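Structural overview for review
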4 protein chains.
Amino acid sequence: MQFLSDNAASVHPAVWDALRAADTPDAPYDGDAISAGLDDKVSALFGRECAVLWVATGTAANCLALATMVQPHGGVVCHEEAHIEVDEGGAPGFYLHGAKLLLAHGDGAKLAPDAIRAVIDPIRDDVHQVQPHAISITQASEYGRSYRPEEVAAIATLAKHRGLGLHMDGARFANAVAFLDCSPSEAAGPVDALSFGFVKNGGMSAEAIVFFDPALADVARYRRKRAGHLQSKGRYLAAQIHAMLDGDVWLANARNANAAAAEIASACGERLMHAVEANELFVHCTAAEREALRAQGFGFYDWGADAARFVTAWNTREEHARALAQAIAGL
Amino acid sequence: MQFLSDNAASVHPAVWDALRAADTPDAPYDGDAISAGLDDKVSALFGRECAVLWVATGTAANCLALATMVQPHGGVVCHEEAHIEVDEGGAPGFYLHGAKLLLAHGDGAKLAPDAIRAVIDPIRDDVHQVQPHAISITQASEYGRSYRPEEVAAIATLAKHRGLGLHMDGARFANAVAFLDCSPSEAAGPVDALSFGFVKNGGMSAEAIVFFDPALADVARYRRKRAGHLQSKGRYLAAQIHAMLDGDVWLANARNANAAAAEIASACGERLMHAVEANELFVHCTAAEREALRAQGFGFYDWGADAARFVTAWNTREEHARALAQAIAGL
Amino acid sequence: MQFLSDNAASVHPAVWDALRAADTPDAPYDGDAISAGLDDKVSALFGRECAVLWVATGTAANCLALATMVQPHGGVVCHEEAHIEVDEGGAPGFYLHGAKLLLAHGDGAKLAPDAIRAVIDPIRDDVHQVQPHAISITQASEYGRSYRPEEVAAIATLAKHRGLGLHMDGARFANAVAFLDCSPSEAAGPVDALSFGFVKNGGMSAEAIVFFDPALADVARYRRKRAGHLQSKGRYLAAQIHAMLDGDVWLANARNANAAAAEIASACGERLMHAVEANELFVHCTAAEREALRAQGFGFYDWGADAARFVTAWNTREEHARALAQAIAGL
Amino acid sequence: MQFLSDNAASVHPAVWDALRAADTPDAPYDGDAISAGLDDKVSALFGRECAVLWVATGTAANCLALATMVQPHGGVVCHEEAHIEVDEGGAPGFYLHGAKLLLAHGDGAKLAPDAIRAVIDPIRDDVHQVQPHAISITQASEYGRSYRPEEVAAIATLAKHRGLGLHMDGARFANAVAFLDCSPSEAAGPVDALSFGFVKNGGMSAEAIVFFDPALADVARYRRKRAGHLQSKGRYLAAQIHAMLDGDVWLANARNANAAAAEIASACGERLMHAVEANELFVHCTAAEREALRAQGFGFYDWGADAARFVTAWNTREEHARALAQAIAGL
């Protein structure tokens, strides 16, 4: 019973079907009909015009999106525990040509306008200090917390006021939408670009960078090629995204994962470090308790010395979630 | 009847089977059992110890390989029509942090020691000029020409003598091996790293960077992550490579493609611009002749004003090749 | 009697005076009064509004100027023998974050619209090939040839038409102006930025980047700091530039150098490889002849196997030039 | 009576003399006799073999030094208030091609082994997190605190044990040596490279990068050119360094500055935020008190809302220091 991560789960049947259906030759790169259909489908989903680029990883999605907003001498305000800061092997430094991450605090790995101002207001407006060019927030956050639409809007207002780009890392955007029970457009708010994740949610190897400003997409297309992320058989990536969007598979999958997380959360009580607003649980428990859980067949990561992280996936079985809930309750 | 390129052909059944077989969760990134098995399999194939990294594109493979050999202030000797120079959107400049491509001439897009010396000998040994750090050759070349083992060996000797790294772009390495009818080890020669291509040869989205020096692989692992090329469900890439290697699918596929090319070549006579030593044909023909061929249902690229490029693939049907041969003969 | 280069000549007395006059504390970096006065002085010289940044070297000037016009995924059209390509240790690759130099041909190391079109027209308008973002020309060229105002204008028209930035490397701009006997504004034409050189012309360590578009200067200020070129005692650089401009020292110095070159040229006849339009001479002569000249006490560089390069400086003594002329005539 | 900074003070007479003495032509770049003499002189000073490169700024010195130790995918441990982090406009990101600064805490902007371990020990040894490649410390620190030789040695031991390079930013190295009253070698300890500052200490535009490992200098020479920091009239930089070293001008100047700071410190009592171990004072005082000081003619920077920073220079007059001391005492 694995709760290690959603990032290595198996692939959804609809994705497999779409991959097989894509197995007739078409134009290479993103010149094929399947890729060409993405803009319209995603635009319809968000209710406004989008330009969509597929890439294989969230790291590439985040960095290519940011590279359209941030000059090499600029900076990106992000949470000190954001994925781009902590877990992408320095990719932002590479893709942004040395631009700097400007780290902000915030409960649950979420940013708020005050926290952002606390970072950028002290920056002297001179050439000796790196000036902010963009803000990046994560929906849902590294701790599985979801921004409410008004929270995103408040950050967007600040960004606009300061002339900063706004990017949303949506590796688990689906889980946030499912939790918030709102439209994707409300969950994304007025960001300039969204890394819309599918791999953790039933895909195999395709994420979408959704640009709400087509001019940014035009730059990103060159940068994607330059980064070696323009696959020649791109139709197999585009097909995955279509499969996830058709019939709202992405939403159904996220709801499954969230429901499993909620089931487990219901047993955690005071042990929860963070409200469960997506598919991740951070649970206080001792080393002995973790050992006990592992002895019962549960797989998960330690989170520091006194906690564990459990992640549910699109295909987490209900009985496994229930079993874990009971096991935690029985500690 | 498409002869546009091999880069968008459909995926080989063995690859599909392997993909499906990989559809059980395992450790993410390259921590899974399938990825773990690559080093041994490729080492056996080449008869010497290799460290293997999968990536999604040839551009990423080439650039990550070169990044282990070339410092940002150095240069890479390559043919003036090499893919890294002409068709990778400036990716070497990105991955090598501004290192320079030092362009050499050579028939059939092949390099030879004299041509390399003509580039590097005039470089003054001072800080004002970019010094060469590596050589990159392409097997088979951009014009479908294959290096004989002794040709690679001569270049390797020069590289070693000058203290330069040696990289082989093997996007169509399989076709070269099939043409040369030698072992992979002979076709690769004593290079430091090989971009071993599978996507053009029946794969979906996996190329292998084969490092013959494990220390280089250690650097490349960091660079791969930093470039957003470490996919979380990496087992689906590793599975493709295994599928291509098992039972020598890679070689059978390449032989098919080469045979189709040879069939067509047999009808081209004096029209051939380059000897056909892989699966590409560059054929002199007028605009009117090209129009005539297209009217008969053949797809291909113009190659300048007076020629056409035809590329066969692993699944080019014999009757299509024969039809094209007859059509060309009948011009 | 040295004719090796103008780049190591001694410093003009007016520059020394200005340096000493600057030796009272003022605000650091470019916040001092001397630096503040540059914009007005250079604007008056060119008859249009300029923003001026001092830097210590021509390499920094060229690269910082280009960095405001060229994105990392773009390219710069320049002559294949341009200083930025041949003699700056790969600095453009560093400052432009991997952007590519796109090399054009041209007699006397000068570009012309046709030569530029021959480079950029074949570039496919897709993401696989590096797109041009700017053009860089050198006034006077690497071979001491000066662009006529109408030649610059023609290139500027092309640049504007194609949406490309236009940069002028003016390491020897003064010599070109002196030769052309026109205004600085005519010699620069409608370029976006000019690297206005002083070090080769009697300065110690200050070059000016002249931006005719102030928005570019705003970017360059950040990049200059980021490159470690914002000296804390910047007033000593600004003072040098003022000293060179006041009373047209720059022009008088260039006239001296050009006159010396003309004197020598008058003796060279058919030996001249290039018309002498600044302060450099490229002179056919055999190894034996070069030996003879050196035996008479003349210092200069060999230029390949069959020629020599002579460079005059602001302080080349008339009798030395005459002596060299006689020596060449006597070969 | 200026106490704003030492970075814009006037130039020492000995430096002027050396500049004038250098005003005869010699080989360009660093090929001149004056530059050639630096290695021996600095080696003698430190009692071990050094390779010395001049550059114009501390930012360039720091970044070129670090670029020899840190790969683009690595990181540099430094204090969270280090100059490279706070005041160099992102230059490390540029010079190190996106490598990351890993920020440590420490009183007085000094690092200690425990603080360094607190940063590097939690870094997972995998490709997802940026691995440390070097440590950079500042002697004297941003708060004018000097590392004792045993403190440097302890950090060097840690660096060696972990395989990390060790760099010392010595913008005010002279002041540290003067305060510590030890040899330069003891104050530098076993670092790999030292940015030996002269500009703040009476120079005009020359800092020395002292490499204790000549192999690092060989790389730095290429990087210096590539960064546009190889000035053609380099002898004027080398001459400044010689002038500062000859007769220990550097030490005398630093002693003057330190003595002035000590004089002021003696009046500050409890107001001092940091022990005064070089030529900087950080002094608690209210806005009203600062106003009062300014009304008496003292120039200085506010340091946040409740403090002021005073910096003395090589030429701070004793009576000015005394006057400031009395003014502070009288608050």
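Nothing here was measured: the structure is a model prediction, and the numbers come from that model.

1. Overview of the overall build of chain A
Across its full length, chain A holds 15 helices and 10 strands. A compact globule built from 331 residues should have a C-alpha radius of gyration of about 20 Å, and chain A, at 20 Å, falls within 12% of that. In terms of its C-alpha atoms, chain A occupies a principal-axis envelope of roughly 55 × 55 × 30 Å. Looking at chain A residue by residue over its 331 residues, the buried ones come to 66%. Across chain A, every contact between residues at least 6 apart in sequence was considered, and the portion connecting residues at least 24 apart equals 75%. By element, 50% of the accessible surface of chain A is carried by carbon and sulfur atoms, the whole surface being about 10,900 Å². Here chain A contributes 27 positively and 41 negatively charged side chains, and the mean placements of these two sets differ by 3 Å.

2. Describing the interface of chain C and chain D
How big an interface is tends to be stated in terms of the accessible area lost upon association of its parts. At the interface, 44 residues of chain C touch 44 residues of chain D. With both chains or domains summed, chain C and chain D bury close to 3,600 Å², and 57% of this area falls on carbon and sulfur atoms. In terms of surface lost to chain D, no three residues of chain C exceed C:Trp16, C:Phe94 and C:Lys233, which account for 21% of the buried area on that side. Across the contact surface, chain C and chain D share zero salt bridges. Linking chain C to chain D there are 29 residue pairs in polar contact (both at pLDDT 80 or more). Counting residues per element, the side of chain C that touches chain D draws most heavily on helix 6 (residues 91-95) of chain C, at four residues. When grouped by side-chain class, the residues that make up the side of chain C that touches chain D number 19 nonpolar, 15 polar and 10 charged.

3. Examining the pairing of strand 3 (residues 100-104) of chain B
Residue and element names in this part refer to chain B. Among the five residues of strand 3, four are classified as buried, and the element is accordingly described as predominantly covered. One ladder, built from five bridges, connects strand 2 (residues 74-79) with strand 3; its direction is parallel. Counted as the bridge partner of His79 is Ala104 from strand 3.

4. So, the interface of chain B and chain A
The partner chain A presents 44 residues to the 44 residues of chain B that form the contact. Around 3,600 Å² of area is buried between chain B and chain A when both sides are counted, 57% of it from carbon and sulfur atoms. For chain B, the biggest contributors to the area lost against chain A are B:Trp16, B:Phe94 and B:Lys233; these three give 21% of the whole. Summed over the shared surface of chain B and chain A, the result is zero salt bridges. Run the count over chain B and chain A and you get 29 residue pairs in polar contact (both at pLDDT 80 or more). Secondary-structure elements contributing two or more residues to the side of chain B that touches chain A are helix 1 (13-21), helix 4 (58-67), helix 6 (91-95), helix 11 (214-226) and helix 12 (235-245) of chain B. If one sorts the elements of the side of chain B that touches chain A by residue count, helix 6 of chain B sits on top with four residues. By residue class, the composition of the side of chain B that touches chain A is 19 nonpolar, 15 polar and 10 charged.

5. Thoughts on the packing of helix 12 (residues 235-245) of chain A against helix 13 (residues 249-265) of chain A
All names here are of chain A. Remark: helix 12 packs on helix 13, axes separated minimally by 5 Å, with the N-to-C direction vectors making an angle of 70 degrees. In terms of axis orientation, helix 12 runs roughly perpendicular to helix 13. Counted together, Ala243, Met244 and Leu245 of helix 12 and Val249, Trp250 and Asn253 of helix 13 form the full contact between these two elements. Here the residues of the contact of helix 12 with helix 13 are counted per class, giving five nonpolar, one polar and no charged.

6. Regarding the relation of the copies chain C and chain D
Of the transformation superimposing chain C on chain D, the axial component is 0.0 Å and the angular component is 180 degrees, with the fit at an RMSD of 0.0 Å. In the structure described here, the two chain copies are related by an operation that fits a two-fold rotation axis. Relative to the rotation axis, the closest C-alpha in chain C is found at C:Ala227, a distance of 3.6 Å. When you check the interface residues of chain C against chain D, 100% turn up at the interface there too, and the contact is symmetric in its surfaces.

7. Overview of the domain arrangement of chain A
Residue and element names in this part refer to chain A. The domain boundaries assigned to chain A delineate domain 1 (13-248) and domain 2 (249-329). One C-alpha centre belongs to domain 1, the other to domain 2, and the line joining them spans 27 Å. At the junction of the two partners, domain 1 supplies 30 residues and domain 2 supplies 20 residues. Here domain 1 packs against domain 2, burying approximately 2,000 Å² in sum over the two surfaces, 55% of which is carbon and sulfur. For domain 1, the biggest contributors to the area lost against domain 2 are Tyr143, Asn175 and Asp248; these three give 28% of the whole. Counting across the interface, domain 1 meets domain 2 through three salt bridges. Among the salt bridges present, the one from Glu280 reaches Arg172, with a minimum N-O distance of 3.4 Å. Scanning the region where domain 1 abuts domain 2 turns up 17 residue pairs in polar contact (both at pLDDT 80 or more). Going through the elements one at a time, helix 1 (13-21), helix 9 (173-180) and helix 12 are the ones with two or more residues in the side of domain 1 that touches domain 2. Ranked by the residues each element gives to the side of domain 1 that touches domain 2, the list is headed by helix 9, at five residues. Of the residues assigned to the side of domain 1 that touches domain 2, the class counts are 15 nonpolar, eight polar and seven charged.

8. A short note on the pattern of salt bridges
Residues and elements named next belong to chain A. Applying the stated criterion to the full structure yields 76 salt bridges over all chains. A salt bridge links Arg148 to Glu277; the shortest N-O distance between them is 2.8 Å. Taken together, the residues span a long stretch of sequence, with Arg148 in the loop between strand 4 (131-138) and helix 8 (149-162) and Glu277 in the loop between helix 13 and strand 8 (280-284) at a distance of 129 residues. Classification of Glu277 as buried rests on a relative accessible area of 6%.

9. Thoughts on helix 12 of chain A
Judged by how many residues are buried, helix 12 of chain A sits mostly within the fold: 11 of 11 residues are covered. By the burial criterion, the buried members of helix 12 of chain A are A:Arg235, A:Tyr236, A:Leu237, A:Ala238, A:Ala239, A:Gln240, A:Ile241, A:His242, A:Ala243, A:Met244 and A:Leu245.

10. Considering the sheet that holds strand 7 (residues 207-211) of chain B
Residues and elements named next belong to chain B. Across the sheet, which stays open at both edges, the seven strands sit in the order 1-7-6-5-4-2-3 with mixed pairing between neighbours. A single partner strand is all that each edge strand has here, and the edge strands are strand 1 (51-55) and strand 3. Averaged over neighbouring strand pairs, the angle between their axes works out to 25 degrees when direction is ignored.

11. Digging into the packing of aromatic side chains
Taken as a whole, this structure holds 58 aromatic pairs over all chains when the rule is applied. Measuring from ring centre to ring centre gives 6.0 Å for B:Phe46 and B:Phe196, while their planes differ by 80 degrees; the resulting arrangement is edge-to-face. Of this pair, B:Phe46 sits in helix 3 (residues 38-46) while B:Phe196 is found in strand 6 (residues 193-196), placing the two residues 150 residues apart along the sequence. A single burial state applies to B:Phe46 and to B:Phe196, both of which are buried. Through successive ring pairs, a cluster of aromatic residues spans A:Phe46, A:Phe173, A:Phe196, A:Phe198, A:Phe212 and A:Trp250. Over the face of the ring belonging to C:Tyr147 we find C:Lys110, whose NZ or CZ atom lies 5.2 Å from the ring centre.

12. Quick notes on the environment of A:Met69
Tracing the backbone through its elements, the reader meets A:Met69 in the loop between helix 4 (58-67) and strand 2 (74-79). Considering only alpha carbons, one finds A:Met69 and A:Tyr236, 167 residues apart in sequence, at a separation of 28 Å.

Calculation criteria
Residues numbered from 1 in each chain as written. Chains lettered and ligands numbered in written order. Predicted model: local features only at pLDDT ≥ 70, side-chain atom pairs only at ≥ 80, totals over all residues. Heavy atoms only, no water. Helix = DSSP H or I, 4+ residues; strand = E, 2+ residues; numbered from the N terminus. Rg over C-alpha atoms; globule rule 2.2 N^0.38 Å. Buried < 20%, exposed > 50% of the residue type's maximum accessible area, 1.4 Å probe, protein only. Contact = heavy atoms within 4.5 Å. Areas by Shrake-Rupley, 256 points an atom, 1.4 Å probe, with all protein chains shown as cover. Lys, Arg positive; Asp, Glu negative; His and termini not counted. Charge placed at Lys NZ, Arg CZ, Asp CG, Glu CD. Buried area = accessible area lost by both parts, 1.4 Å probe. Salt bridge = Lys/Arg side-chain N within 4 Å of Asp/Glu carboxyl O. Polar contact = N/O pair within 3.5 Å; in protein donor to acceptor, adjacent residues only side chain to side chain. Nonpolar A, V, L, I, M, F, W, Y, C, P; charged D, E, K, R; others polar. Pairing = 2+ DSSP bridges. Axes fitted to C-alpha atoms, helices over the stretch in contact; angles between N-to-C directions. Parallel < 35°, antiparallel > 145°, perpendicular 65-115°, else oblique. Least-squares fit on C-alpha atoms with pLDDT ≥ 70 in both. Domains from an automatic or database assignment. Phe/Tyr/Trp six-rings, centres within 6.5 Å; stacked < 30°, edge-to-face > 60°. Lys NZ or Arg CZ within 6 Å of the ring centre and 35° of its normal.

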